[in-house]
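As a plain string of letters, each chain reads:
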Amino acid sequence: MAATTSSCPKTEVSVRHILLSEILSVTSVMRKNSRWASSFHTFTARDSALANRLGLRQNSQYRSHYASERGSTEQELMGGFQELRRLVKEVDDIHTLPLATLLAPFFAIIRSPLSTGPITSAALSSLHNFFLCGLIGPGAVGLENALAELSSTVSRCKFETSDSSGDEVVLLKIMTVIQSCMCGSMGELVGDIEVCEMLETVLTTCCQMRLSEVLRRSAEATMHALVRAAFSRLHSLDPQTEENKLNDNAQDPNSSGPEMTVQTKPVEHPLSNLAPEIGPEVVPEPSHENADAIQGEQKPAAETLPQSPKDDIPRAPYGLPSILELLRVLINILDPTDQAHTDSTRLTALRVLNVAFEVSGSRIMQFPSLSALILDHGCKYLFQLARSDSPAVLQTTLRTISTMFETMRPKLKMQQELFLTFVIDRLAVPPSAMKQPSIGLGMRGASPRPGTPSLGTPQLGISDPEKAPSTPRLLVAPARGDTRELLLETLSIISRHPSFMVDLYINYDCDINCENMFEKVIDFATKGIYPHGSNHDFAPQRSQYICLDLVLAFVNHMSARAEGAHGQWPESFTAPDDLRQTKSQKQLVLTGASRFNAKPKSGIAFLEENKIIYTDPSEPRTLSLAKFLKSCSRLDKRLLGEYLGKPENIDLLKAFMGLFDFKGKTVADAMREFMEAFRLPGEAQQISRVTEVFAEVYFATQPAVVKSQDAIYILAFSIIMLNTDQHNRQVRKKMTIEDYKRNLRGQNDGEDFPAEYLQNIFDSIRKQEIVMPEEHTGQLGFEYAWKELLQRTKQAGDFVMCNTDLFDADMFKAVWKPVISAIAYAFITFEDDYVIERAIAGFRQCATLARHFNMPDVFDYVVVSLSQATSLLPESLPTQVPNYPVVEVEGQPITVSSLSVKFGTNFKGQLAAVVLFNIVNGNGNALREGWTQVFEMFENLFLHSLLPAEMLQMEDFLGGVSTIPLRRSQPPRPQQQANGLLSALSSYLMTPYSASTDALVPEATDADIENTLCTIDCINSCRLDDFYRQILQLDAEALTSAVRALEALAHERTVARLKQEADDVPPNADSQQNGVYSLPYDPASVFLLETMVSIVCKTPQHIEELWPIVFEHLSALLSTPTQYSILLIERAVVDLLRICLILATKPSLRDQVYVSFDVLADLPPSISSSVAEQLAAGLILIATKHGDIIRSQTEWNLAFALLRSTIPHPEASRQAFEFISSLIADGPEQRVTPDNLGGLIAVLDEFATVAGIVTDAQQQGRRTQSLNASNSPIIERGLKAVEILFDLKKFWVSFMEQSNMTPSQVWRQYCMPVLSSLAHQSINTSREIRHTAIVHLQRLILGPHIALDPTDQSQVEELFNRVIFPLLDELLKPQTLLRDPMGMPETRLRASALLGKAFMHLEARDGQQADIRVTWIQVLDLLDRLMNVDRRDQLYEAVPETLKNVLLVMNATNLLVPPPSGEDTRDHRQKALWAATHERIERFLPGFLSEVIPSAGQPEPPSSPLHKQKKSSTS
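This is a predicted model, so every value here is computed, not measured.

A. Seen up close, the overall build of the protein chain. The helix and strand inventory of the protein chain stands at 64 helices and eight strands. The buried share among the 1515 residues of the protein chain stands at 52%. The long-range share in the protein chain, meaning contacts at least 24 apart out of those at least 6 apart in sequence, stands at 75%. As displayed, the protein chain has an accessible area near 68400 Å², and 51% of this comes from carbon and sulfur atoms.

Okay, structure coming up:
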């Protein structure tokens, strides 16, 4: 086919020449035919113009005959060209001649049935050349009439058939001429009727199946060009003007608009009032020889097309009428219920219709007449064809539908909902057990002709009666194979817009009467990614990729909107808050409707409770409920009818009926409207009740013919009966109009209804059944459902489109879990690199959205999904780490572990790890529960030596920073001392097989090393050290979640594991110590603990939130410290003290420091000794840096108690003593306070006591060198402790001044503890400490330092009873002597001297008025014991001397007065004291008292035995 030109090209050859040449070409072909060979034009007197010029009469009969035969014979056709040739030669400018005159011979040839194929072809070629050369051009005279004639001519082309190929050439030439006419510059001058003629010609050619494929394809290509030209005019037409013209023509009965027909076999369809008209086709005229053969195949069977307009009638260029007619014909061809059309015909129409949509674009929506046609019949037929079993029809239909939605989406809200629902329902995976899927009630059988849709119409109705969705469904078999992919591809094309999902959510999910299409599409797409049926073991199908693309596109578009690529919400749209409110109410409405369908009263109560109804107090309750019942499409219409028909609901029924607008409607239409709103109840009384209310409401509209309400009632009943009679198949004898009139005779208030009135009612019901809801299936049900959909279309309004981000948070919240799960599945299972890359991008975008919307659950889900894909989450972690080989690569040691080898081969796992940590890096604040998976991976990497060194460090108070050991240190194996052959043989046999398996290190292969290097590279790419540092910058909530996850993992590996294993371990197992099960060293538990505490210590600003979590774990460990490894307990102690350093800075948490100290104070001595060095260092650091937090006596006592527990450890003792010394040291601030003095005394006493214990141990060990302050730091500290105890006396005066304390209070609170401690150390095993203590004790008692009131006998007695007497009692014990047999007698001697001096100083003073007999007798008892404890001891001589001094002092102070010779003037106290003294001394030193204190007048008594012994010894 020749190319079409849009403008007339310039040519060097004259138009006259071309015209003459074309005449010659046509006539030459004509002469080649035997019939035309002798046909030439003869000029007779009757025939020529010469007869007229000469005034000759012409026979009228002959003239009439000639005129009737003109153009109908070969001679006439040939003569036309001869006349045109003469005419052209006679004029100077052929452009002055009418174009119709120049083209008339060519038109005649084309129209003539006498012409053959070659002749007609030549004439058509000439017409095409005239377009090319410009003869048929804008400047031609009478161009419009000529074009009209041309249109009529080519549409009525007839010629004798010869061979099929030649005939088809003619048809091709016709297509060329028509395309040149419409698509060129003259196309705008063609009228509507001419356009319809040409379009009809081409379309008919396309649909003629007897023609060759090439011809039909060529004709279809021409049709596409014509349609492009026609529909492109919509862009230049004014919609309002064109629609007005169309309405004016419709109202003018004399005007005949353009009509198009396409030849098909006529099929009457009683159910369709839009069946295409039957028209003539453009085909060759059969010759006489083969006319009979092809008559039945091609003979026209339609009425004649309208004739071309007369020349004198002005014509406007074609516009909306012809375009509308073309659209009507194309849509009618698609009707699947019309069996006159084949699949091939529908395919042609579909392709043409798709071109029309593509060309017109969104402009077509601005023409209501075109939109209405598409929205109704166009969508209806297209959706039915989408069920076709023919792949070609299905593919073309889906393409047309997608193009329609692309161009007309705003007008297709309900239609798009129906189509999407249909597609998703058909794509839904059928249950595996379903052998024969249900395909709907309308499927009555197979297609009557191959390839055509089935006769049945799918049911547009409810697929799930319980949910009762408002959107009708096309119930068909699930799609499979290529059909499934076609539907998926179409869905993908329709959803390609960035705003598609947002639009679904706004228009459907936020509409109570629509389905949740957004959720439905996402649910389908996410489920479609997973395999179904038996596809689990095969590679992913293309359908899975398409579904993944849908999901990823949704995430990508939402992510782009979150980054700012979104549109503004127009003010003309419904407010976003109102849409959200509707969305929130939608679920309530659905629930209420579901309950109503089960039990109406329950549903109404639910609706009232949730404020769906009865919200306006001023509105009657019945009206409020009626509005809901009428507007809610989710209700069961049958149940609604029964509920309204109940007697108690009569007011509700009236309110419900009052919502209908019956004004101006016929009674049949009014009945149709209200009967389609609910199904009439089955009981006669209920029907009567409903009809009465209808009659009342309808009569209130004042109908013109009906005279009473009763007449309406009767008429309504008659319509119900008539509808049943006419459309019930069981009624064989149908009611006639006469029967109907006779039944209603006299029922209009005693009169008859007008005959025309009843005729209209009868015809309305007979032609169109009143279909009650849920009553019919098949075609009637389909038509009813489609009618409802169109009604909803009017109510729903346009489809709102806006790429806004206002609803993204709600949308993402609704679908994030299946979306992320589907992406994770695709990432794990799909092998295509592009798909994996997109899945990775999807993960990142989901994480970005989770952070953007502040949805930690989503972020957690992303992390969990990716962590599972990494293979770094172990099912179980070993408690003991094997010995993995360590190799050096480029000077760096590398551990080749099982994980490093396995992970190095898992490329997808490496990808997941990199993506995971790239996502969480910088997004940690969005993470909550996902921390568990992150730290589990850290734990696994740690056990395989794959973590950065920064994450393996643990801090303490001594060595700074160290690395967490993977294995516990083994004690060195003792060397075997035995010699000999047996020992050597045993050593040989046991080596190396006797070594433990831990010592066996496997060899690392080159492949293992390479895989390990891959793993290390991946770990480095994850930037774990950066992520660890970012944890320290988290917000409080995220940081708390991280620490809580660490605590949970640590608890699982320690406390929970201990409880579980302790129950499983049998008694007397090797792991039990003292009958208590103990866990072996677990490096993972230390790692988790150190990580947790390190995070807490580096984020002190969040200590208030983190402390309870950490303390719970630490206290659990320290409560049973003997059941864990000592390293774990040591780290727990260190970590607890590290945190206490932070707690001390927080006034609100200072009390928690002492809670921690309580926990540490409860540690068993064995544990305290093991951790003493760390404990002392930490405690001293706290007291040094935050000394102000230790204030009360209880607090000091607790701190000193912890220090005392560390004194047995040499190094810890040194640190503790230095700290104590610093407290006592003089400085600008006095650090010894009344509150800490008692604890300080106890600590100092403990230091001295420990020195005694060490000395005693040394003596027991019989070491040659005795310990003293010069060679033992412990003895030195003990000695210094005693010195410090004595120095504490300097604080007593300041305490009295600061605290306003009385001397007696100072005595009891400060003096007595010091004296008691010194007395306690006076029996210390260390001689240096013992003697120093007793010296300082004597100095304090006899000196002026103590706040002792000698006049207060209770204080003096307290000193003797609590200090001096107990000291002497201990010294007199044999076991005390054994501590230092050589030095202890000297101590006793010093103690006895102290006893006498103290008594003389405190009790035997002047002015003593108290009764001292008890104390004095105790002194004498002790002196007796001291003297007689060992007669070889110096005490035997020293005691009498001491006693003598005491007696003389007592006598001098008149306390001890001997009886006088004369009258006894002594008082009772003196008498009693003397008597008691005399009696007690006589027991161990008879006569000694009389010797020391003789009675008055009594001669000097003889020397006592002891005295004599002393004298003799002296001499």
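B. Molecular detail of helix α41 (residues 1024-1031). Of all the residues in α41, the buried ones are Leu1024, Phe1027, Tyr1028 and Ile1031. One side of α41 holds all its buried residues, which, seen down the axis, span an arc of 100°. For α41, the elements touching its buried residues are α37 (907-920), α38 (931-943), α40 (1006-1022), α42 (1036-1053) and α44 (1083-1098).

C. How the structure looks around the pairing of strand β3 (residues 886-889). Sheet topology note: the β3/strand β4 (residues 892-895) ladder contains four bridges and is antiparallel. Each residue of the ladder has a partner; that of Val889, found in β4, is Gln892. The hairpin turn running from β3 into β4, its antiparallel successor, is two residues long, and Glu890 in that turn takes a positive phi close to 55°.

D. Summary view of the packing of aromatic side chains. A full pass over the atoms with the stated rule returns 47 aromatic pairs. Taking 6.0 Å as the distance between ring centres and 70° as the angle between the ring planes, the aromatic pair formed by Phe938 and Phe1027 counts as edge-to-face. With Phe938 in helix α38 and Phe1027 in helix α41, this pair connects stretches of sequence that are 89 residues apart. By relative accessible area, which is 1% here, Phe1027 ends up buried. Taking the centre distance of 5.4 Å and the plane angle of 45° together, the rings of Phe1360 and Phe1365 count as tilted. For the pair formed by Phe1360 and Phe1365, the shared burial category is buried. Here the aromatic cluster, defined as three or more aromatic residues joined through ring pairs, consists of Phe656, Phe660, Phe662, Phe674, Phe678, Phe694 and Tyr698. Seen from the ring of Tyr318, Arg233 lies directly overhead, with NZ or CZ sitting 4.8 Å from the centre. One Lys or Arg, Lys630, reaches over the ring of Phe660 and ends 4.7 Å from the middle of that ring.

E. Spotlight on the packing of helix α27 (residues 667-675) against helix α28 (residues 684-699). Where α27 contacts α28, the axes come no closer than 12 Å and their chain directions differ by 130°. Relative to α28, the element α27 is oriented oblique. As for the relative orientation of α27 and α28, their crossing is right-handed in sense. Listed contacts from α28 to Val667, Ala670, Met671 and Phe674 of α27 are Val690, Phe694 and Tyr698. Of the residues in the contact of α27 with α28, the class split is seven nonpolar, no polar and no charged.

F. Region of interest: helix α54 (residues 1292-1299). Among the residues of α54, Trp1292, Ser1294 and Phe1295 are the ones counted as buried. An end-on view of α54 places all buried positions within 160° of arc, on one side of the element. Packing partners of the buried residues in α54 comprise α52 (1234-1260), α55 (1303-1321) and α56 (1327-1342).

G. Molecular detail of the pattern of salt bridges. By the definition in use, this model includes 61 salt bridges. Between Arg351 and Glu220 there is a salt bridge whose closest N-O contact spans 2.2 Å. One end of the pair, Arg351, is in helix α14 (residues 343-360); the other, Glu220, is in helix α10 (residues 213-232), and 131 residues separate them in sequence. The exposure class assigned to Glu220 is buried, which follows from its relative accessible area of 5%. Each of Glu213, Arg216, Arg217, Glu220 and Arg351 takes part in one network of salt bridges that share partners.

H. View of the environment of Phe107. Looking at the secondary structure, you find Phe107 in helix α5 (residues 99-111). When the C-alpha atoms of Phe107 and Glu149 are compared, they prove to be 8.0 Å apart, with 42 residues separating the residues in sequence. Ignoring sequence-local partners within four residues, the contact set of Phe107 consists of Leu127, Ala146, Glu149, Leu150 and Thr153.

I. Expanded view of the environment of Thr1477. Relative to the helices and strands, Thr1477 resides in helix α62 (residues 1468-1484). Thr1477 gets classed as buried once you look at its relative accessible area, which sits at 0%. With near-sequence residues (within four places) excluded, Thr1477 lies in contact with Trp1416, Leu1420, Leu1447, Leu1456 and Leu1489.

About the criteria used
- Residues numbered from 1 in each chain as written.
- Predicted model: local features only at pLDDT ≥ 70, side-chain atom pairs only at ≥ 80, totals over all residues.
- Heavy atoms only, no water.
- Helix = DSSP H or I, 4+ residues; strand = E, 2+ residues; numbered from the N terminus.
- Buried < 20%, exposed > 50% of the residue type's maximum accessible area, 1.4 Å probe, protein only.
- Contact = heavy atoms within 4.5 Å.
- Areas by Shrake-Rupley, 256 points an atom, 1.4 Å probe, with all protein chains shown as cover.
- Arc of directions from axis to C-beta.
- Pairing = 2+ DSSP bridges.
- Phe/Tyr/Trp six-rings, centres within 6.5 Å; stacked < 30°, edge-to-face > 60°.
- Lys NZ or Arg CZ within 6 Å of the ring centre and 35° of its normal.
- Axes fitted to C-alpha atoms, helices over the stretch in contact; angles between N-to-C directions.
- Parallel < 35°, antiparallel > 145°, perpendicular 65-115°, else oblique.
- Left-handed = near helix turned anticlockwise from the far one by under 90°.
- Nonpolar A, V, L, I, M, F, W, Y, C, P; charged D, E, K, R; others polar.
- Salt bridge = Lys/Arg side-chain N within 4 Å of Asp/Glu carboxyl O.

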